[in-house]
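The primary structure of each chain is shown beneath.
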Amino acid sequence: MAKHWADFQYEIYLNGMTGAVPRLPTDLTRLEEMAEQRLGPGPVGYVAGSAGNGSTARANRAALDRRRIVPRMLRDVHERDLSVEVLGRPLPAPLALAPVGVLSIMHPEAETAAARAAAAQGVPFILSSASSTPMEQVAEAMGDAERWFQLYWAKDREVTRSFLDRAKAAGFSALFVTLDTPLLAWRPRDLDQAYLPFLHGVGTANYFSDPAFRAGLAKPVHEDPNAAVMHFVGMFADPAKTWPDLEFLRENWDGPIVLKGVLHPDDARRAVNAGMDGVVVSNHGGRQVAGSVAAADALPRVVEAAGDRLTVLFDSGVRSGDDIYKALALGARAVLVGRPYAYGLGLDGQAGVEHVIRCLLAELDLTLALSGHSGPTTLGPDDLAEETV
């Protein structure tokens, strides 16, 4: 039975009969400003900030805004079904929550609250390696709901292997390997505040709870937390990794593997040759390479290169239902959303994340209907017109 996402608007209007209005804006672009007003400058800067002067984050938005939807009329759209299959898993809509680390800086319930929200709405939650909650605890909060694990690929092979074993045991069904963060980028908002949560032991929960990680420490984490942090910093990322290293992941993970951060069609072809299952077209929301190509501009070429051999997902810049529509029309199978749900979490915990999910999918549902589509599978490039600047 297809879920009627658009009914959320009637729920809001009916609640209004008793004088109740939504606790958070339904225009999700307003969440960032609200978070800036209500939350601390360090945490908000860490979530909102980008590489360099923010040019890539702005380019992500401009690339989506430049593409305009071309509605079609007199098509039967009274029954709509947003469900899709992604990586062999049936989903109620083409949306997942992107991996966002250190969520405890936004809300004390952190990843657990966000994961519960995803489970309640039936969308997958992708847990970051750099979460502030151990993966087993997040899995427990989700029951049997769909969950995927994002790997920051540590220098230490045994820690990586241990992460994969733990994620598998905790019911994470797909692996998302972030390739675009072998180093942290130059991020002025964080630098100006001298704010890096990891140095305070935030975002290290999966590491500090890991037996392979702890085996490398002279003393237990609680006896010398600074040494544990420095051990983490020394292994967190590895700029020496190359394509042949993917064999190690394939040997140690038997589910789908998705490479996150692909922007060049040749890298999509290499992912196919390496036996990968999918790619996420993403520039890390503009957080890694200042001056990078916009994700939505890179998407069509990656889709073309991937053909039907890879599942192509999209993130970077998504703020609304019509953004999701555009990404799907450009060839993405589904979309990941990051910052909006992090703001929703910071402002209203689990309920805030559910609000973001429901707003995005209600707006997508209505945008599809009003443009002549009864589901995401009929969308294509002809449903968009590109404005010339």
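Residues numbered from 1 in each chain as written. Predicted model: local features only at pLDDT ≥ 70, side-chain atom pairs only at ≥ 80, totals over all residues. Heavy atoms only, no water.

The name an unreviewed UniProt entry assigns to the chain is Oxidoreductase, from the organism Streptomyces fructofermentans. According to UniProt, the comment filed for the chain under the heading Sequence similarities (unreviewed entry) is "Belongs to the FMN-dependent alpha-hydroxy acid dehydrogenase family." As its UniProt record puts it under Cofactor (unreviewed entry), the chain is described as follows: "FMN". (UniProt positions renumbered as here; feature names shortened; annotations may be inferred.)

1. Digging into unusual backbone geometry
Located in the positive-phi region is leucine 87, a residue other than glycine, with phi close to 55 degrees. Along the chain, the position of leucine 87 falls in the loop between strand 2 (84-86) and strand 3 (89-91). Its relative accessible area of 13% is what places leucine 87 among the buried residues. We note that alanine 194 has phi near 50 degrees; this positive angle belongs to a residue other than glycine. (Helix = DSSP H or I, 4+ residues; strand = E, 2+ residues; numbered from the N terminus. Buried < 20%, exposed > 50% of the residue type's maximum accessible area, 1.4 Å probe, protein only.)

2. Quick notes on the packing of aromatic side chains
Under the definition given, this model contains twelve aromatic pairs. With 4.8 Å between their ring centres and 55 degrees between their planes, phenylalanine 163 and tyrosine 207 make a pair best called tilted. With phenylalanine 163 in helix 7 (residues 157-169) and tyrosine 207 in helix 9 (residues 205-208), the pair connects residues that are 44 residues apart, well separated along the chain. Tyrosine 207 carries the same exposure label as phenylalanine 163, and that label is buried. Sitting above the plane of the phenylalanine 172 ring, arginine 147 keeps its charged end 5.7 Å from the centroid. Taking NZ or CZ as reference, arginine 287 lies 5.0 Å from the ring centre of tyrosine 46, over its face. (Phe/Tyr/Trp six-rings, centres within 6.5 Å; stacked < 30°, edge-to-face > 60°. Lys NZ or Arg CZ within 6 Å of the ring centre and 35° of its normal.)

3. Some thoughts on the packing of helix 13 (residues 265-273) against helix 14 (residues 295-306)
Two elements in contact, helix 13 and helix 14, have axes separated by 8 Å at closest approach and are oriented at 30 degrees. On the basis of the axis angle, helix 13 is roughly parallel to helix 14. Considering the relative orientation of helix 13 and helix 14, their crossing is right-handed. For the pair helix 13 and helix 14, the contacting residues are Pro265, Ala268 and Arg269 in the first and Arg301, Val302 and Ala305 in the second. Of the residues contributing to the contact of helix 13 with helix 14, the split by class is four nonpolar, no polar and two charged. (Axes fitted to C-alpha atoms, helices over the stretch in contact; angles between N-to-C directions. Parallel < 35°, antiparallel > 145°, perpendicular 65-115°, else oblique. Left-handed = near helix turned anticlockwise from the far one by under 90°. Contact = heavy atoms within 4.5 Å. Nonpolar A, V, L, I, M, F, W, Y, C, P; charged D, E, K, R; others polar.)

4. Remarks on the side chain of serine 131
With respect to the element layout, serine 131 can be found in the loop between strand 5 (125-127) and helix 6 (135-142). Not counting residues within four places of it along the chain, the set of residues in contact with serine 131 comprises Val102, Glu111, Gly203, Thr204, Ala205 and Asn206.

5. Notes on the pattern of salt bridges
Pairing is possible between side chains that carry opposite charge, provided their charged atoms lie close to one another. Evaluation of the coordinates by the stated rule reveals 20 salt bridges. A salt bridge links arginine 166 to glutamate 136; the nearest nitrogen and oxygen atoms lie 2.8 Å apart. Of this pair, arginine 166 sits in helix 7 while glutamate 136 sits in helix 6, placing them 30 residues apart in sequence. Measuring nitrogen to oxygen at the nearest pair gives 3.1 Å for the salt bridge that ties arginine 250 to aspartate 277. With arginine 250 in helix 12 (residues 246-252) and aspartate 277 in the loop between helix 13 and strand 9 (278-281), this residue pair connects regions lying 27 residues apart in the sequence. Given the relative accessible area of 29%, arginine 250 is considered partly exposed. Each of Arg66, Arg67, Asp297 and Glu386 takes part in one network of salt bridges that share partners. (Salt bridge = Lys/Arg side-chain N within 4 Å of Asp/Glu carboxyl O.)

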